[in-house]
Amino acid sequence: MNARRAAGAVLGAGVLLCLLAAVGITSLSVRVDGTSMTPTLEDGDRVLVAPGSAGEARRFDVVLLRATGRDALLVKRVIALPGDRVAIVSTPERPFEVLLQERGQGPVRRVVASQWTAQARRSGACCAPGGRRSARPELVTVPEGSFFYLGDNPDLSDDSRVYGWGELGRVEGRVGLRAFPVSTSPGLGGRPVLEGWAGVGTSAGGLEGWAGVGTSAGGPVGWAGAEGRVGPGP
């Protein structure tokens, strides 16, 4: 085989591999529709789900799920797990402060995500007993078998504030990486962290009169803590 034929064979094999990869990405990935997860995921992005992650939710992971009472597939970020207490405090100065008390114990801390800070402008408190929006901020406990989820573009996201608690059994998988566009980093980034919080809210949810900046047991302010996970899987 001369050099020209060898080069042609290599080129042909490369084209075939690219076609197979494109077909594989299309058939195995899920297309993102809408802007509720901007800038983490954009409209038209394609994502791959981690194998064996159905029915699983880990705090701050991005998952594919079907909301209670809806068949549409959603892509959202897990915020609170069973036993956690969660609330959203909204003021004109800070319209979107997500509060979390891990496992219902220890300090109430603030969930901080740079994408929220840059985009959240609408006010609205949370949560009612079912996990939806409420007239005033209330710390509520996530029930067994459920979780609380939000979009990374909170002003344009229908999430737990609209649909209520997510059900672990309706999680179709954890988003492992972005498969398309190939020019974009496959990692998702934008993962929230927990920071100390001080504020005053309503008494029914245990916030009124509470003030102080807490640290996690064994970690300083801003430490993200253990990444809790529920459901089957390694």
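Conventions adopted
- Residues numbered from 1 in each chain as written.
- Predicted model: local features only at pLDDT ≥ 70, side-chain atom pairs only at ≥ 80, totals over all residues.
- Heavy atoms only, no water.
- 1 Å grid on protein atoms, 1.4 Å probe; cavity = no way out; pocket = protein on both sides within 12 Å on 5 of 7 lines; lining within 4 Å.
- Points joined across faces, edges and corners; volume = space filled by probe spheres on them.
- Helix = DSSP H or I, 4+ residues; strand = E, 2+ residues; numbered from the N terminus.
- Nonpolar A, V, L, I, M, F, W, Y, C, P; charged D, E, K, R; others polar.
- Disulfide = S-S within 2.5 Å.
- Buried < 20%, exposed > 50% of the residue type's maximum accessible area, 1.4 Å probe, protein only.
- Phe/Tyr/Trp six-rings, centres within 6.5 Å; stacked < 30°, edge-to-face > 60°.
- Core = buried A, V, L, I, M, F, W, Y, C linked by side-chain atoms within 4.5 Å.
- Contact = heavy atoms within 4.5 Å.
- Polar contact = N/O pair within 3.5 Å; in protein donor to acceptor, adjacent residues only side chain to side chain.
- pLDDT = per-residue confidence, 0-100.
- Salt bridge = Lys/Arg side-chain N within 4 Å of Asp/Glu carboxyl O.

## Brief notes about the layout of surface pockets
Reasoning step 1: In this structure, the largest pocket occupies an estimated 270 Å³ of space.
Reasoning step 2: At the level of secondary structure, the elements contributing two or more residues to the lining of the largest pocket comprise strand 1 (30-31) and strand 5 (73-80).
Reasoning step 3: With 4 residues, the single largest contributor to the lining of the largest pocket is strand 5.
Reasoning step 4: Broken down by class, the residue content of the lining of the largest pocket amounts to 9 nonpolar, 2 polar and 4 charged.

## Re the state of the cysteines
Reasoning step 1: Under the definition given, this model contains 1 disulfide.
Reasoning step 2: Disulfide partner of Cys 126: Cys 127, at an S-S distance of 2.1 Å. Negative torsions about the S-S bond denote left-handed disulfides, and the value of about 100° found for Cys 126 with Cys 127 makes this one right-handed.
Reasoning step 3: Taking relative accessible area as the criterion, Cys 126 reaches 0% and is therefore assigned buried.

## Let's talk about the packing of aromatic side chains
Reasoning step 1: One pass over the full model with this rule turns up 3 aromatic pairs.
Reasoning step 2: Taken together, a centroid distance of 5.7 Å and an interplanar angle of 50° make the contact between Phe 147 and Tyr 149 tilted.

## A few points about the nonpolar core
Reasoning step 1: Ranked by internal contacts, the top residues of the largest apolar core, which has 20 residues, are Ile 79, Val 86, Val 98, Val 111, Trp 116, Phe 148 and Leu 150.
Reasoning step 2: For this core, the secondary-structure elements that each account for two or more residues are strand 5, strand 6 (85-89), strand 7 (97-101) and strand 12 (146-150).
Reasoning step 3: Filtering out sequence-adjacent residues up to four positions away, Ile 79 remains in contact with Arg 59, Phe 60, Val 98, Leu 100, Val 111, Trp 116, Phe 148, Tyr 149 and Leu 150.
Reasoning step 4: Ala 57, Val 63, Ala 67 and Tyr 163 belong to the second-largest nonpolar core, a separate cluster that totals 12 residues.

## Re the side chain of Ser 36
Reasoning step 1: Counting through the fold element by element, Ser 36 comes out in the loop between strand 1 and strand 2 (46-49).
Reasoning step 2: By relative accessible area, Ser 36 is classed as buried at 14%.
Reasoning step 3: One polar contact links Ser 36 to Lys 76, side chain to side chain, over a distance of 3.0 Å.
Reasoning step 4: Beyond its immediate sequence surroundings of up to four residues, Ser 36 is in contact with Val 75, Lys 76, Gly 151, Asp 152, Asn 153, Leu 156 and Ser 157.

## Structural notes on the confidence of the model for the protein
Reasoning step 1: Per-residue pLDDT for the protein has a mean of 78; in total, 70% of the residues score no lower than 70.
Reasoning step 2: Predicted confidence for residues 6-27 stays below pLDDT 50, and this span has 5 contacts to residues more than four positions away or in other chains.
Reasoning step 3: In this model residues 208-234 is a low-confidence stretch, pLDDT under 50, and it forms 65 contacts with partners more than four residues away in sequence or in other chains.

## Examining the pattern of salt bridges
Between side chains of opposite charge, pairing is possible as soon as their charged atoms come close.
Reasoning step 1: On inspection of all chains with the given rule, the structure shows 16 salt bridges.
Reasoning step 2: Between Arg 58 and Asp 61 there is a salt bridge, and its shortest N-O distance comes to 2.8 Å. The same class applies to Arg 58 as to Asp 61, namely buried.
Reasoning step 3: In this structure, the salt-bridge partner of Arg 77 is Asp 152, at a minimum N-O distance of 2.8 Å. Of this pair, Arg 77 sits in strand 5 while Asp 152 sits in the loop between strand 12 and helix 3 (160-163); the two residues are 75 residues apart in sequence, bridging distant segments of the chain.
Reasoning step 4: A residue is classified by how much of its surface remains accessible, and Asp 152, at 0% relative accessible area, is buried.
Reasoning step 5: One network of salt bridges, in which partners are shared, links Glu 56, Arg 58, Asp 61, Arg 174 and Arg 191.

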